[in-house]
Amino acid sequence: MDRENPFALKTLPLLILCFSFAFTFCGAGALQQFVIPMLRQRGWMEFRSYLPLIVIYFSFAFFRFFSGLFVKPLGLKTSLLLGSLTYVLFPSAFLFNFPYPLLLFIMFIWGWGAAIYWTAGTVVILTFSREERFGSYSGFLYTSLNVGFAIGVALLGALKALGGEILMFSVALFLSLVGTALFFLLPSPPIPMATLPPKRVANIAFGKAGRLAGFYLFISALALGVMFGSFGEWITTRYGFTYLTFITFIGYAGRIFLAYPGGYIADKWGENLTLTLAFLISAFGLGLALLWTSPFTLSFASLTLGSQMSIVPIVSTALIGRRFPPHIYHLASGAILAWNSLGVAIALLLSASLQSLWKNLPSVLLLFAILFAICAIFSLRKGDEYAH
């Protein structure tokens, strides 16, 4: 069957994966952008409003490291189905007004589900793409995700303005369910997956091939934490919820057009150049918005943060495909990409802590801009470790 029509065999799972990710992130994924500003508007204090997302991403980071150990016995299709179902829990918890302790427990469960969801999705992408196109095919997946995320931010923001929170949560729940249902159409070709002891998995994350990619993933993920936390709250405080929807939409929409080019540049000219560009423009965009704050500069900062969030995970996915054999893709992607989840969690925790301590959102954002600038310089100097 593979010899008769190998292109169809490879295209179908990729299309299903891309469409499912698009619907899931149009729903539960995009809803994350509104949670902290919405809870802050209700009068919740910093830690109480930030804690649900902090719990998600610390849980995500922990379970993502070990996610390959779950994905192998479950299989790719079951892992994707179970993982996507936990995304459905997120809008459900807010729609049905779960008590706060139960809400935090649901966020913890979602972290586990997101871990196996992303690891299985990465294995599908790397398995059904050619080595010289790892970056480009990863770009296709992230483009689909970003289309869903951007549409979701615009749609959910508009629904909240027109019909209130209940309508917003209901639509987010429905879209997430569509994303889950699509995985029932996913074929299940046998893909060999090895088992390694936890010590060997740790060597992947902290060894030479993984630790630099992990470091960049950690730093780049701070951008998403900043968007969900301090940056989103800064916009809401100065200009209101409508501007939050519009400005963050620009950032997520920009990722649509930058995901594939980022993967293409990584394939053609190497990962180090791509990383340097991603970190540099995000530092510049955030710095410009701090020097001259206006809806225009905030929109530009949102776009540059979005570019970094889009490009760095794509580069790292391509790196995993090139540096590790296919039978341990599930272990390598979980161990290395766990740094990405940890970066989001740390950024949210820092945002809540520093905001509570300093009472000054621009100062918090300046710290992140400096970090991104340092990483731009560091990634350029470390180009030899990324050379093909």
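Our subject is the structure that appears above.
Calculation notes
- Residues numbered from 1 in each chain as written.
- Predicted model: local features only at pLDDT ≥ 70, side-chain atom pairs only at ≥ 80, totals over all residues.
- Heavy atoms only, no water.
- Helix = DSSP H or I, 4+ residues; strand = E, 2+ residues; numbered from the N terminus.
- Buried < 20%, exposed > 50% of the residue type's maximum accessible area, 1.4 Å probe, protein only.
- Contact = heavy atoms within 4.5 Å.
- Areas by Shrake-Rupley, 256 points an atom, 1.4 Å probe, with all protein chains shown as cover.
- Patch = residues over 30% accessible without salt bridge, like charges linked within 9 Å, V, L, I, M, F, W, Y side chains within 5 Å.
- Salt bridge = Lys/Arg side-chain N within 4 Å of Asp/Glu carboxyl O.
- 1 Å grid on protein atoms, 1.4 Å probe; cavity = no way out; pocket = protein on both sides within 12 Å on 5 of 7 lines; lining within 4 Å.
- Points joined across faces, edges and corners; volume = space filled by probe spheres on them.
- Nonpolar A, V, L, I, M, F, W, Y, C, P; charged D, E, K, R; others polar.
- Core = buried A, V, L, I, M, F, W, Y, C linked by side-chain atoms within 4.5 Å.
- Axes fitted to C-alpha atoms, helices over the stretch in contact; angles between N-to-C directions.
- Left-handed = near helix turned anticlockwise from the far one by under 90°.
- Arc of directions from axis to C-beta.

Visitor: So what's going on with the overall build of the protein? Residues and values would help.
Guide: The number of helices and strands found in the protein is 14 helices and zero strands. Seen in sequence order, the protein has helices and strands lined up from the N terminus as α-α-α-α-α-α-α-α-α-α-α-α-α-α. Counting only residues that meet the buried cut, the protein has 60% of its 388 residues in that class. If you take every contact in the protein between residues at least 6 apart in sequence, the share linking residues at least 24 apart comes to 86%. As presented, the protein carries roughly 15,000 Å² of accessible surface, and 72% of it is formed by carbon and sulfur atoms.

Visitor: Break down unusual backbone geometry for me, citing the residues and quoting the values.
Guide: Even without a glycine there, the phi angle at Asn 97 is positive, about 55 degrees. Following the sequence through the fold, Asn 97 ends up in the loop between helix H4 (76–95) and helix H5 (100–127).

Visitor: Help me get a handle on the environment of Gly 27, residues and values and all.
Guide: With respect to the secondary-structure elements, Gly 27 resides in helix H1 (residues 6–41). When its relative accessible area of 0% is taken as the criterion, Gly 27 is described as buried. Linking Gly 27 and Val 178, residues 151 residues apart in sequence, is a C-alpha distance of 9.3 Å. With near-sequence residues (within four places) excluded, Gly 27 lies in contact with Leu 156, Ala 172, Leu 175 and Ser 176.

Visitor: So what's going on with a nonpolar patch on the surface? Residues and values would help.
Guide: A cluster of nonpolar side chains, contributed by Phe 70, Leu 74, Leu 82 and Leu 85, occupies part of the molecular surface with about 290 Å² of accessible area. Contributions of two or more residues to the nonpolar patch are made by helix H3 (67–74) and H4. Following the sequence through the fold, Phe 70 ends up in helix H3. Phe 70 sits in the partly exposed class, given a relative accessible area of 32%.

Visitor: For the layout of surface pockets, give the residues involved together with the corresponding values.
Guide: Estimated volume of the second largest pocket: approximately 150 Å³. For the lining of the second largest pocket, the secondary-structure elements that each account for two or more residues are H4, H5 and helix H7 (165–182). Per element, the largest residue contribution to the lining of the second largest pocket is three residues, and it comes from H7. Within the lining of the second largest pocket, the residues separate by chemical class into nine nonpolar, one polar and three charged.

Visitor: Describe empty space enclosed by the protein, with residues and values.
Guide: Inspection of the entire model under this criterion finds two cavities of 30 Å³ or more. Of the voids in this model, the largest cavity is the one considered here, and its volume is about 370 Å³. Along the walls of the largest cavity sit 26 residues, with Phe 25, Tyr 57, Trp 118, Leu 224 and Asn 340 positioned nearest its centre. Of all the secondary structure elements, the ones that give two or more residues to the lining of the largest cavity are H1, helix H2 (46–65), H5, helix H6 (134–163), helix H9 (208–239), helix H12 (295–323) and helix H13 (329–358). Its residues assigned to classes, the lining of the largest cavity shows 18 nonpolar, six polar and two charged. Taken as a whole, the second largest cavity holds about 30 Å³ of empty space. Trp 118, Thr 122, Ile 125, Ser 138, Leu 141, Tyr 142 and Thr 317 together form the lining of the second largest cavity. Elements with a minimum of two residues in the lining of the second largest cavity: H5 and H6. Of the residues belonging to the lining of the second largest cavity, the class tally is four nonpolar, three polar and no charged.

Visitor: Just give me the short version of the nonpolar core, but keep the residues and values in it.
Guide: Of all hydrophobic cores here, the largest spans 122 residues; its most connected members are Phe 90 and Phe 231. Top contributing element to this core by residue count: H5, with 16 residues.

Visitor: With reference to specific residues and values, describe the packing of H3 against H4.
Guide: What describes two packed helices is the angle between their axes and the distance between those same axes. Where H3 contacts H4, the two axes come as close as 6 Å, and the packing angle between them is 120 degrees. For the pair H3 and H4, the crossing hand works out as right-handed. Judged by residue contacts, Phe 70, Val 71 and Leu 74 of H3 engage Leu 76, Thr 78, Ser 79 and Leu 82 from H4. Split by residue class, the contact of H3 with H4 holds five nonpolar, two polar and no charged.

Visitor: Kindly report on the pattern of salt bridges, identifying the contributing residues and their values.
Guide: Applying the stated rule across the entire model yields two salt bridges. For Glu 165, the salt bridge goes to Arg 42, with nearest N and O atoms at 2.6 Å. With Glu 165 in helix H7 and Arg 42 in the loop between H1 and H2, the pair connects residues that are 123 residues apart, well separated along the chain. Of the residues examined, Glu 165 reaches a relative accessible area of 24% and is grouped as partly exposed.

Visitor: I'd like a rundown of H3, residues and numbers included.
Guide: Buried within H3 are the following residues: Ser 67, Gly 68 and Val 71. Buried residues of H3, viewed axially, fall in a sector of 95 degrees; they line one side. Gly 75 sits one or two residues past H3 and shows a positive phi near 90 degrees.

Visitor: Help me get a handle on the side chain of Gln 33, residues and values and all.
Guide: Note that Gln 33 resides in helix H1. Ignoring any residue separated from it by four or fewer positions in sequence, one finds Gln 33 in contact with Val 153, Met 227, Phe 228, Gly 232, Leu 244, Thr 248 and Tyr 252.

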